[in-house]
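Topology and contacts: notes
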Amino acid sequence: MRRASWAVILFLALLSGYTTLWLVISGKIDPSIQRWKAIEHEAGRAWTCADETISGFPFQINFTCSKPRLESLLGDKRVVTAGSLVLSAHIFRPSRINISVTGGISLGLPNSNADLSFDALEGSAEWTGNSAFALFVSAQNLLLSTTNDNI
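Right, let's walk through the structure included here. (Residues numbered from 1 in each chain as written. Predicted model: local features only at pLDDT ≥ 70, side-chain atom pairs only at ≥ 80, totals over all residues. Heavy atoms only, no water.)

**With respect to the environment of S145**
This is how the line gets drawn: Under the DSSP-based scheme used, a helix requires at least four consecutive residues in state H or I and a strand at least two consecutive residues in state E, with every element numbered from the N terminus. Contact definition: two residues touch when any of their heavy atoms are within 4.5 Å.
Checked against the element boundaries, S145 lands in strand 10 (residues 143–148). Residues S145 and T64, 81 residues apart in the sequence, show an inter-C-alpha distance of 26 Å. Ignoring sequence-local partners within four residues, the contact set of S145 consists of N113, A114 and D115.

Next comes the structure, spelled out in structure tokens:
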């Protein structure tokens with residue numbers, strides 16, 4: 001009976017330790033993203049989200065950005081928007097980031113617009129070495145439509 005109670009105590013200690021580790025790691029995601037956004041803003045690119053969430057416990061860390069928007073602050077105004085962007089990293093394979101976009105992608109240029117609609121747009125980026133990475137993207141039912149404001 002004593003052995004079983006020690007096993008339960010050990011299991012609960014490991015579980016609480018893992019939960020704490022996940023919370024600490026996920027707590028560092030948002031400040032890192034905000035620092036990256038500030039660096040991008042200084043470089044002339046403004047990244048915004050209508051709403052940002054971090055989720056995925058216990059085995060992933062997911063960053064969800066609803067209505068992501070990328071705007072060029074330099075020269076001609078260029079804007080890229082989407083319905084939703086989800087970046088996911090498995091806790092045991094953090095070098096691979098899975099990417100999912102929903103709601104289509106719209107590119108606004110000074111005199112024209114381009115809309116890319118799709119059923120699914122998914123991909124992944126994986127860091128394979130010092131500065132090397134692999135990128136994979138797949139999509140289903142892509143449809144590109146354009147409009148020109150000068151007509």
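**A look at the environment of A114**
The test is simple: Under the scheme applied here, a residue whose accessible area is under 20% of the maximum for its type counts as buried, over 50% as exposed, and between as partly exposed, the area being computed with a 1.4 Å probe on protein chains only.
Here A114 lies in strand 7 (residues 112–117). Classification of A114 by relative accessible area gives buried; the value is 17%. Once the C-alpha coordinates of A114 and A89 are considered, the two residues, 25 residues apart in sequence, prove to be 30 Å apart. Once residues within four sequence positions are removed from consideration, A114 is found in contact with I105, S106, L107, L144, S145 and T146.

**Quick notes on the packing of aromatic side chains**
Applied cut-off: The pairing test for Phe, Tyr and Trp rings, Trp by its six-membered ring, is centres within 6.5 Å, and the orientation test on the planes gives stacked under 30 degrees, edge-to-face over 60, and tilted for anything in between.
Going through the model one piece at a time under the given rule, you end up with five aromatic pairs. Ring centres of Y18 and F59 lie 6.4 Å apart, and the angle between their planes is 45 degrees; on these two criteria the pair is classed as tilted. Here Y18 is found in helix 1 (residues 2–42), whereas its partner F59 is found in the loop between strand 2 (51–55) and strand 3 (60–66), with 41 residues between them in sequence. Assessed through its relative accessible area of 22%, Y18 is described here as partly exposed.

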